[in-house]
There are 2 protein chains.
Amino acid sequence: MGSIHVEFRELSPSEFFYRYREIAGYSNPTRAFYQTVKELIENALDACDSHGILPSVKVEIEEVDVKKLHYMITVEDNGIGVSPKHVPKAFGQVLYGSKYKQRQTRGIFGLGVKMAILYGQVTTGKPVIVITKPIRSKYRWLFKIRIDIKKNRPIILHKESWKDENGEHGTKVSIVIEGDWFKAKSRIHEYVKRTAIATPYAEIFFKDPQGRTFHYPRKTTNLPPIPKEIKPHPHGIDVEMLKALILTTKTTNLLDFLSKTFQNIGEKSAKEFLKYAHLDPSIRPSKLTIDDLSSLAKKLKEYPFKPPKGNALSPLGEEIIAIGLRSVLEPEFVATVSRKPSAYSGHPFIIEVGIAYGGKIPVKEYPQLYRFANKIPLLYDEKACVMWKMVSEINWKNYNIEFPAPLAILIHICSTKIPFKGVGKESIAEVPEIEKEIRKALREAGRRLRKHVERKRREREAMEKIIAIAKYIPEISKNLAELSKASKGKGVSSKELENILYSLLEMKAEKMGIGSINIKQLIKGKRRKALPQPQRKQSKKQLDLLQFI
Amino acid sequence: MGSIHVEFRELSPSEFFYRYREIAGYSNPTRAFYQTVKELIENALDACDSHGILPSVKVEIEEVDVKKLHYMITVEDNGIGVSPKHVPKAFGQVLYGSKYKQRQTRGIFGLGVKMAILYGQVTTGKPVIVITKPIRSKYRWLFKIRIDIKKNRPIILHKESWKDENGEHGTKVSIVIEGDWFKAKSRIHEYVKRTAIATPYAEIFFKDPQGRTFHYPRKTTNLPPIPKEIKPHPHGIDVEMLKALILTTKTTNLLDFLSKTFQNIGEKSAKEFLKYAHLDPSIRPSKLTIDDLSSLAKKLKEYPFKPPKGNALSPLGEEIIAIGLRSVLEPEFVATVSRKPSAYSGHPFIIEVGIAYGGKIPVKEYPQLYRFANKIPLLYDEKACVMWKMVSEINWKNYNIEFPAPLAILIHICSTKIPFKGVGKESIAEVPEIEKEIRKALREAGRRLRKHVERKRREREAMEKIIAIAKYIPEISKNLAELSKASKGKGVSSKELENILYSLLEMKAEKMGIGSINIKQLIKGKRRKALPQPQRKQSKKQLDLLQFI
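Residues numbered from 1 in each chain as written. Chains lettered and ligands numbered in written order. Predicted model: local features only at pLDDT ≥ 70, side-chain atom pairs only at ≥ 80, totals over all residues. Heavy atoms only, no water.

Enquirer: I'm lost on the sheet that holds strand β7 (residues 153–163) of chain A in this one. Help?
Expert: Residue and element names in this part refer to chain A. Read from one edge to the other, the open sheet built from eight strands follows the order β7-β6-β5-β8-β3-β2-β9-β10, with strand pairing classed as mixed. The strands lining the two open edges of the sheet, one partner per strand, are β7 and β10 (213–216). Neighbour-to-neighbour, the strand axes of the sheet open up by a mean angle of 15°, direction not taken into account. Each of β2 (56–65), β3 (70–76), β9 (203–207) and β10 is contacted by helix α5 (residues 181–198), which is oriented at about 170° to β9, the strand it contacts most. (Pairing = 2+ DSSP bridges. Helix = DSSP H or I, 4+ residues; strand = E, 2+ residues; numbered from the N terminus. Axes fitted to C-alpha atoms, helices over the stretch in contact; angles between N-to-C directions. Contact = heavy atoms within 4.5 Å.)

Enquirer: Would you explain the pattern of salt bridges in this entry?
Expert: When the charged atoms of two side chains lie near each other, side chains of opposite charge can form a pair. All names here are of chain A. Counted under the stated rule, the structure contains 64 salt bridges over all chains. A salt bridge links E437 to R339, with the shortest nitrogen-to-oxygen separation between them at 2.9 Å. Note that E437 is positioned in helix α12 (residues 432–488) and R339 in the loop between β11 (333–338) and β12 (342–344), a separation of 98 residues in sequence. A relative accessible area of 7% means that E437 is categorised as buried. Residue R339 is classed as partly exposed on the basis of its relative accessible area of 21%. In this structure, a network of salt bridges that share partners links the residues K38, E39, E42, K425 and E426. (Salt bridge = Lys/Arg side-chain N within 4 Å of Asp/Glu carboxyl O. Buried < 20%, exposed > 50% of the residue type's maximum accessible area, 1.4 Å probe, protein only.)

Enquirer: Could you clarify how one ought to interpret the interface of chain A and chain B in this entry?
Expert: When the parts come together, some accessible area is lost, and that loss is often what is quoted as the size of the interface. In this complex, chain A contributes 78 residues to the contact, which on the side of chain B involves 79 residues. With both chains or domains summed, chain A and chain B bury close to 7,100 Å², and 60% of this area falls on carbon and sulfur atoms. Taken together, the connections running from chain A to chain B amount to eight salt bridges. One salt bridge connects R21 of chain A with D238 of chain B, and the closest N-O pair in it is separated by 3.5 Å. (Buried area = accessible area lost by both parts, 1.4 Å probe.)

Enquirer: Please explain a nonpolar patch on the surface as it appears in this structure.
Expert: Residue and element names in this part refer to chain A. Taken together, the side chains of Y472, I476 and L480 make up a nonpolar region of the molecular surface, amounting to roughly 290 Å² of accessible area. Among the structural elements, I476 can be located in helix α12. For I476, a relative accessible area of 40% corresponds to the partly exposed category. (Patch = residues over 30% accessible without salt bridge, like charges linked within 9 Å, V, L, I, M, F, W, Y side chains within 5 Å. Areas by Shrake-Rupley, 256 points an atom, 1.4 Å probe, with all protein chains shown as cover.)

Enquirer: I would appreciate a short explanation of unusual backbone geometry in the present structure.
Expert: Negative phi characterises most residues that are not glycine, and trans characterises most peptide bonds. F403 of chain A connects to P404 of chain A through a cis peptide bond whose omega is 0°. Position of P404 of chain A among the secondary structure elements: in the loop between α11 (386–393) and β16 (407–415). One non-glycine residue with positive phi stands out, namely H278 of chain A, at about 55°. Considering the arrangement of structural elements, one finds H278 of chain A in the loop between α8 (267–276) and α9 (290–302). Even without a glycine there, the phi angle at K375 of chain B is positive, about 70°.

Enquirer: Honestly, a positive patch on the surface in this entry has me stumped. Any pointers?
Expert: Where like charges cluster on the molecular surface, the positive patch consists of R443, R447, R450 and K451 of chain A. Following the sequence through the fold, R443 of chain A ends up in helix α12. (Lys, Arg positive; Asp, Glu negative; His and termini not counted. Charge placed at Lys NZ, Arg CZ, Asp CG, Glu CD.)

Enquirer: Please explain the sheet that holds strand β3 (residues 70–76) of chain B as it appears in this structure.
Expert: One key point about sheets: their strands pair by backbone hydrogen bonds, in either a parallel or an antiparallel sense. Residue and element names in this part refer to chain B. One open sheet holds the eight strands; their spatial order is β7-β6-β5-β8-β3-β2-β9-β10, and the pairing between them is mixed. Both outer strands of the open sheet, β7 (153–163) and β10 (213–216), are each paired with one neighbouring strand and no more. On average, each strand axis in the sheet is tilted by 15° relative to the strand beside it, whichever way the strands run. Summarising the sheet, β3 and strand β8 (residues 170–178) pair through seven bridges and their orientation is antiparallel. Looking across to β8, one finds that Y71 is bridged to I177. Packing of helix α2 (residues 29–49) onto the sheet brings it into contact with β2 (56–65), β3 and β8, and relative to β3 it is tilted by some 15°.

Structure below.
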């Protein structure tokens, strides 16, 4: 018999995440590098656009010690800054963060940047350096902080402040980590590029350790509306949330509690609901037993309240998706779908899909997938993600696509809570409601793609027919000319007849939807000239069609 | 400009995991059901085999309220039990658990079963019921516990104990959850089946909510050696671990500290290392600065110490893998490889691989993959796992396999620390050292598979040749007989000649490695009779070969 004395102990959250750092994406020096850059950029963007500021973000990666693989990553934003009283815990205590609210942000509560700091600390021993100037403050603050892992508390190594009245604001964070730049760089560049696609209202500067600088200029000053904080929706309520809400409510009866606490419950619907649930409207919420709460939660879930509002969400919008796909992939066709808000467990979410086809998209065995969640690009663990699952479940043959094909798909989910599978935020769980919405969006975009492909096929067939006929025109004209000469003496010339027949065919072509073309030039093989002068520029589609001659 | 007042707060670990329960696998009522069963079974097995007890585990799932989808999951083991003083926290406080040790177990520290309890609590409001009798105790204890999520502390709703001197011991845990049995059942059955493959020394009873009972009897009483606790290996040390080790050491100089704290460092190697690192052997460890520690950690990592010992690990072994694959898949061929211990970040690990081919394995486009980690079957997120990555990177054509093919692959990793990607323990991170070992094991098993496939091909070709010749024998015999009659008068009969030629061919066949066959029967199409009487049973291989006639 083995050891039977089992010792027990408690682990602090920092210690837990330090031991299991792989679950936050810190599994090797390549992935850790990527993850650190990602967490810092997401924090920077959240500090701006969540507060109505057009983001301007500077990312710099410098070599500190090549032999040891030590790199310093610095990200600077023009966001609202962090109040000096919160800096130590916000950067030195795991599970401490800006108050959890029901609204759309990029981060996971109190973990992201701390994991990067922890990783830097355990691999290089170096503290994080935070320089911040809160909005409306006259001072700029500098902190050097280390995390006491056993206690999960910040250790302030250095703190200073100086007057700085230039009106700027924002935060600059530097972390030194052990990382493998040469293996990580392609993903990091890709990450920055995709971030620029999803946030065209942000300006991003990126300087890599090889000294190269990349500038992603702001493409629009149209800042999406600030995500609002919303009341919880009754369909997402479980017993624990109910308890927590009752603990903090100022209401003294169930009717008031329901109509003041939840989204989509007013006094009228609260009354109707209470009748349905056989509950006394005048009962004090705090008097409810666990069994009452369990039953109330169940009833709240099943009662047909109106679905959650999506007005707290900030989707990309069809225009940004189309611009992004066109500028990056240069496809021949784009279809975008932005679904109406839907909900899972009371959390509203919106699914957006863009399908790009043909043009310069490389022909592959599978669709190229661009995943985004609350505007974060997701690059790792693609095959574990519900988005991949839904794309691979579609029978693309139904949409006239036979692989290998030049197909790219962008999917974006925005929600007050993204159900990530890991704290590394790289793949999304298989939530049935989300699956359904993605499927619908893919199908809708797919139907438009099918129409496009079908129309292209028909146009090509029509063009083939026209050309087949056109090739006989010179001979027919000659014969007809001779015939007319024989019968009428002089008759019509072969050239004239040719021109008449060409014109007839051109009219036919226009009716068939090919547009106005010059068939004479066409059969001479002069594709460009076959298109009428003023139209040439716009008629890339027609030029494409003419390729096969 | 938006809101600039940011409120901050701290989250307890329970609250964190409750909010982000998807990262532990609780993303929907199907997956949550599976996850709960899994956590309870793993806890049960750990309570037995980690302490030298042959596990006997009873799993029962009962309907509590079909309309609400409430089910009670009860798992009972004959393990060492839990001391009543630890029960409340062990079942009611997240990140509290049996002391973290450098040894092979199934669980993740202090999280698994608590996540199941939390999930049950928030979906049904029901507490966990724990009945436990510690080994060598005369009392059996019953607890009903709820978790205070905000404080991350247990609330004991009920506690009682009674005398029970029957010598039994073990723990029985019941959790009521909201789950979707009909969607979850196939995975849960598969999970139990695969658990039985990896722990043939355990006996498992499983009663499902449909009232069906399944019994997986113990197939061997050969309990694998109890995983030992081991000293940390110097290659896995980071600055934080070094600090923690120095805080608890009783040694007073660096030489002693190194030679008493680490695996594979004795006094001699400690001296050599200190010389290499330019460090004073007599310095007090507690006097080292952060920079000293950072440099020491770096030096410990790069110095060529002997690799970690694998003697603390408990692999499956080639025999168990072969038995498992043969009994479940009934293949024609099995190759198993158990690699020598290796290490990543100072954690020892062993990779084991089994390849099964042909027989009753269904022909598919991809290999069927059976993944195990510390004897836990992994069923979800296959495509996100390093094991899938390595299998899909192999060019199977090099091993004479062209897909679709009947190929199944089992991979097992055991380690004192499995680098899971999520706390749901379903996929393993891409750690370069692990990738390398899996690749090597797959290649080694692949080479044996290639030989098998190659030999089969040669045998088939040889058999085809033999039959082609055999078919001419009657005619040749007739001609020869006539020839001999003509020259010698009576001569040899056609029948005799036939028999001689058949015998010659049978000798030839035996030399070609086909084994002893009766060619006369063979060309008559009587495959079974073509094999010599005593051999018939064993000669399934030969029978297979004869199929194509």
